[in-house]
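Each chain, written out:
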Amino acid sequence: MRQQESDFTSSVNVDAKANSYFEEQAGATAEVEKKISLRALFEGVLAKLGPLFSIDCAALVLYNEEMNHITRAYLSELVSGKISCVETISDPVSLSLITKEISGFDFPVLKSRQDWIDDFGENHCLTNHPIEYHFHCYIPLEHNGRIWGTFELHNHNRELSAEGLTFCCNMADFLAGLLAVMADKNMADPAPAKHHAAENIIALQSASIFEEKTRLLENEIEALKEQLAEFQVFKPEEASEIHNHTHIVGSSPEMQQVYKLLNRISNSETTVLILGETGTGKELIAKSIHDSSGRSQKAMVKVNCAAIPPNLIESELFGHEKGSFTGATERRIGKFEQAHKGTIFLDEIGELPLDLQVKLLRVLQEKEIERVGGKTTISTDVRIISATNRNLLAEVEAGRFRRDLFYRLNVFPVSLPALRDRKTDIALLATFFLKKFAQKSNRTLEGFSKKAISTMMAYSWPGNVRELEHLVERHVVMAQGAIIKEVEIPGNTEQSLSVIAPVKTIFENERDHIFAVLELCNGKISGANGAAKLLGVPATTLNSKIKRLGLAKRHVF
Ligand SMILES: Nc1ncnc2c1ncn2[C@@H]1O[C@H](COP(=O)(O)OP(=O)(O)OP(=O)(O)O)[C@@H](O)[C@H]1O
């Protein structure tokens, strides 16, 4: 593979000559050279593409018309954080075995270092180039049926992504068109001989068309960047409202409302009732209320009223004396006593049996408890935060919950919005959980694609934040690359529907339509029975679309 590198760079050893031939031969000023040389243009290409797709090195290799010589080559790579672009070949050199192979590619080809070793052996892969790349991509620069050269991308650690490939195919199209124009205008012969340098310089200096093309290239890059947006990692905006509840994620107006309420009761002793569907974060909010109170140095003791068998709830809450009932072999301190000077969080309060509701009411009124089987009353100083996913007032109306207890608990109600009602928080939460689980499992993940975020936003989340948290955890475990590109929501009927009737992007629609027509025409592009005629476009346009859409010929046949 080193030879392969030597092919695009075969001449990195010719680097000494790298002061471009313009400078050497015609003594052109650096300014003119910068404005008009392919080298300067190409340097700009890597500056734009590199950060977008993590490309380490790009090369532009140009051939003569007979395709038996490399006439010029430019190598642009990132060295110590800086892009250096050199003209590595300025005199025609004949094609080696590997460049011959590469020049024969008439569609984009991805190769690894190992592929080249397998095909040509280790010996062909030797180069004196100090940098060794492991992943390569070769895109032919084809315009009007002529292959002008190859646009190459080389990476150390990863293959060029599908998005990067599509983007670079567009770039190759543009470069090929540019080379054709330059040749046509005799601006800068892609296969120049040194003795033509002076004339070329004059032609180039007067050729504003070149500058125009450079400007177009910039525009093209900008347009392609927009197209790329759909593949980029979604970067959610940080919460706009400053709040002290650091573990609570969400900046939607609905959550801002919640923060306002929380701020009002921070440092207070108020009894709070938190209402919200399952998984909306009731416990998290309760903890936050406790943490922002004067009781934060003491414990917040949680009781899940739905999880304890009814016959044990009393003992769980208030404790029991030894021997007070069968199995009470030891004296036990109840949750109220444990929470003394702190907070008790009564989760699922709507599930509390009626007889215990009476006892709880007494505790609230008298601030005293009695252990089961005990003879004395024990004073407690406990703040009460309770939570329910039931409509407690409806429970009161139905006679299942005591009205007096309801009023005692509902001193300061805080209602938490369902996740489906604050969709703008989904991206924030998903990214928060992604970071949390990636860190936990020692993985480096950048985030979700916009597509993945859209899928999550289209779902109704009956299990709310908890469901989202579990989904993200699963996807972090299964993630293959640095970005979670797609998410699958099990049993999601909305998603199943979208599988049946997916909404295609314009890009996908165009690609699929062209693909279908090409199949119909057995891959024939031009001529009477060709796809171009059926599609009503010139064959050259179709050819460039095929490349741009990443429809390599091998896909068609
Ligand atoms: N706004 C939020 N920011 C960050 N994490 C959240 C948020 N809301 C909920 N979570 C997380 O979601 C999970 C479920 O939250 P929590 O247990 O507080 O919900 P809940 O409403 O009490 O659920 P249940 O009604 O089932 O008891 C927890 O891991 C919690 O940390």
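All values derive from a computational prediction rather than experimental measurement. (Residues numbered from 1 in each chain as written. Predicted model: local features only at pLDDT ≥ 70, side-chain atom pairs only at ≥ 80, totals over all residues. Heavy atoms only, no water.)

Asks: With reference to specific residues and values, describe the nonpolar core.
Replies: Core analysis: the biggest nonpolar cluster contains 32 residues, and Leu 49, Ile 139, Leu 141, Phe 151 and Leu 153 have the highest contact counts within it. Elements represented by at least two residues in this core include exactly α4 (38-53), β1 (57-63), β6 (135-143), β7 (146-155) and α7 (162-184). With residues up to four places along the chain from it excluded, the contact list for Leu 153 reads Ile 55, Cys 57, Ala 58, Phe 135, His 136, Cys 137, Ile 139, Leu 160 and Cys 168. Judged by nonpolar contacts, the second largest core, of 28 residues, contains Leu 273, Leu 356, Ile 369 and Leu 405. (Core = buried A, V, L, I, M, F, W, Y, C linked by side-chain atoms within 4.5 Å. Buried < 20%, exposed > 50% of the residue type's maximum accessible area, 1.4 Å probe, protein only. Helix = DSSP H or I, 4+ residues; strand = E, 2+ residues; numbered from the N terminus. Contact = heavy atoms within 4.5 Å.)

Asks: So, the packing of aromatic side chains: which residues are in play, and what are the values?
Replies: What describes a pair of aromatic rings is the distance from one ring centre to the other and the angle between the planes of the rings. Tallied over the full model, the rule gives six aromatic pairs. Seen in terms of ring centroids, Tyr 459 and Trp 461 are 4.6 Å apart; in terms of plane orientation they differ by 80 degrees. Their pairing is edge-to-face. Both residues of the pair, Tyr 459 and Trp 461, count as buried. Joined through ring pairs, the aromatic side chains of Phe 105, Trp 116 and Tyr 138 make up one cluster. When the ring centre of Trp 148 is taken as reference, the NZ or CZ atom of Arg 146 above it lies at 3.7 Å. (Phe/Tyr/Trp six-rings, centres within 6.5 Å; stacked < 30°, edge-to-face > 60°. Lys NZ or Arg CZ within 6 Å of the ring centre and 35° of its normal.)

Asks: Describe the pairing of strand β12 (residues 343-347), listing the residues and the values that go with them.
Replies: β12 sits mainly inside the fold: five of its five residues count as buried. Side-chain alternation along β12 places Thr 343, Phe 345 and Asp 347 on one buried face and Ile 344 and Leu 346 on a second face that is also buried. Of the pairings in the sheet, the one linking strand β9 (residues 300-304) to β12 comprises five bridges and is parallel in character. Considered in β12, the bridge of Lys 302 is made with Phe 345. Relative to strand β15 (residues 383-388), β12 runs parallel, the two sharing four bridges. Bridging across to β15, Leu 346 finds its partner in Ser 386. (Pairing = 2+ DSSP bridges.)

Asks: Describe the site of the ligand, with residues and values.
Replies: Residues in close proximity to the ligand total 18 residues, the closest being Val 249, Thr 278, Lys 282, Arg 466 and Glu 469. Residue Thr 278 places a side-chain N or O atom 2.7 Å away from an oxygen atom belonging to the ligand. At 2.6 Å from an oxygen atom of the ligand is found a side-chain nitrogen or oxygen belonging to Lys 282. When the ligand is considered free in solution it has 630 Å² of accessible area, and contact with the protein chains removes 87% of it. Of all the secondary-structure elements, those providing two or more residues to the shell around the ligand are α11 (282-291), α17 (424-440) and α19 (464-478). Here the shell around the ligand is composed, by residue class, of seven nonpolar, five polar and six charged. Taken domain by domain, the makeup of the shell around the ligand includes at least three residues from each of domain 2 (253-416) and domain 3 (420-495). (Near = heavy atom within 4 Å. Polar contact = N/O pair within 3.5 Å; in protein donor to acceptor, adjacent residues only side chain to side chain. Areas by Shrake-Rupley, 256 points an atom, 1.4 Å probe, with all protein chains shown as cover. Nonpolar A, V, L, I, M, F, W, Y, C, P; charged D, E, K, R; others polar. Domains from an automatic or database assignment.)

Asks: Now, about the sheet that holds β9: what can you tell me, with residues and values included?
Replies: Reading across from one edge, β9-β12-β15-β8-β16 is the order of the five strands in this open sheet, with parallel pairing throughout. Among the strands making up the open sheet, the edge pair consists of β9 and β16 (412-415). Across this sheet, the average inter-strand angle for adjacent strands is 20 degrees, counted without regard to direction. (Axes fitted to C-alpha atoms, helices over the stretch in contact; angles between N-to-C directions.)

Asks: So what's going on with the packing of α17 against α19? Residues and values would help.
Replies: Their axes nearest at 9 Å, the elements α17 and α19 cross at an angle of 45 degrees. Between α17 and α19, the angle is such that the two are oblique. As for how α17 packs across α19, the hand of that crossing is right-handed. In this structure, α17 uses Ile 426, Leu 429, Ala 430, Phe 433, Leu 434, Lys 436, Phe 437 and Ala 438 to contact α19, whose residues at the interface are Val 465, Leu 468, Glu 469, Val 472, Glu 473 and Val 476. (Parallel < 35°, antiparallel > 145°, perpendicular 65-115°, else oblique. Left-handed = near helix turned anticlockwise from the far one by under 90°.)

Asks: Talk me through the environment of Thr 280; I want residue IDs and the actual numbers.
Replies: Mapped onto the fold, Thr 280 is located in the loop between β8 (272-275) and α11. Separated by 183 residues in the primary sequence, Thr 280 and Gly 463 place their C-alpha atoms 7.9 Å from one another. Setting aside residues up to four positions removed in sequence, Thr 280 forms contacts with Leu 416, Pro 417, Ala 418, Arg 422, Asn 464 and Val 465. Among the polar contacts made by the side chain of Thr 280, one reaches the main-chain carbonyl oxygen of Glu 277 at a distance of 2.6 Å.

Asks: Any chance you could break down the environment of Ala 58 for me, citing the residues and the numbers?
Replies: For Ala 58, the location among the structural elements is in strand β1. Residue Ala 58 is classed as buried on the basis of its relative accessible area, which comes to 1%. Each C-alpha atom, one on Ala 58 and one on Cys 85, is 9.2 Å from the other, the two residues being 27 residues apart in sequence. With residues near it in sequence (within four places) discarded, Ala 58 still touches Phe 42, Leu 46, Tyr 74, Leu 75, Ser 76, Phe 151, Glu 152 and Leu 153.

Asks: I'd like to hear about the environment of Gly 104, residue by residue, with values.
Replies: Along the chain, the position of Gly 104 falls in the loop between α5 (97-103) and β5 (109-112). A C-alpha to C-alpha distance of 9.7 Å links Gly 104 and Thr 150, two positions 46 residues apart in sequence.

Asks: With reference to specific residues and values, describe the side chain of Thr 271.
Replies: In this fold, Thr 271 is placed in the loop between α10 (253-265) and β8. Exposure remark for Thr 271: the relative accessible area of 18% places this residue in the buried category. With residues up to four places along the chain from it excluded, the contact list for Thr 271 reads Ile 384, Arg 408, Leu 409, Val 411 and Phe 412.

Asks: Would you mind going over helix α12 (residues 310-318) in detail, with residue names and values included?
Replies: Of the residues making up α12, those classed as buried are Ile 313, Ser 315, Glu 316, Leu 317 and Phe 318. Directly after α12, the chain includes Gly 319, whose backbone phi takes a positive value near 85 degrees.

Asks: Tell me about the pairing of β6, and name the residues and values.
Replies: Taken across its nine residues, β6 has seven buried, putting it largely inside the fold. With four bridges connecting them, β5 and β6 associate as antiparallel partners. When the bridges of β6 are listed, Val 109 appears paired with Tyr 138. When β6 meets β7, the two strands line up antiparallel, connected through nine bridges. Paired with Cys 137 across the two strands is Leu 153, which belongs to β7. Remark: two residues form the turn of the hairpin made by β6 and β7, two consecutive strands paired antiparallel; Asn 144 in that turn has positive phi of roughly 50 degrees.

Asks: Any chance you could break down the pattern of salt bridges for me, citing the residues and the numbers?
Replies: Under the counting rule described, the total for this entry stands at 23 salt bridges. Of the charged contacts, one joins Glu 316 and Arg 332 as a salt bridge, the two residues approaching to 3.3 Å between their closest N and O atoms. On the criterion of sequence distance, the pair formed by Glu 316 in helix α12 and Arg 332 in strand β11 (residues 332-333) is long-range, its members being 16 residues apart. Linked through salt bridges whose partners overlap, the residues forming this network are Glu 269, Arg 295, Lys 341 and Asp 381. (Salt bridge = Lys/Arg side-chain N within 4 Å of Asp/Glu carboxyl O.)

What is shown is where atoms sit, not what they do.
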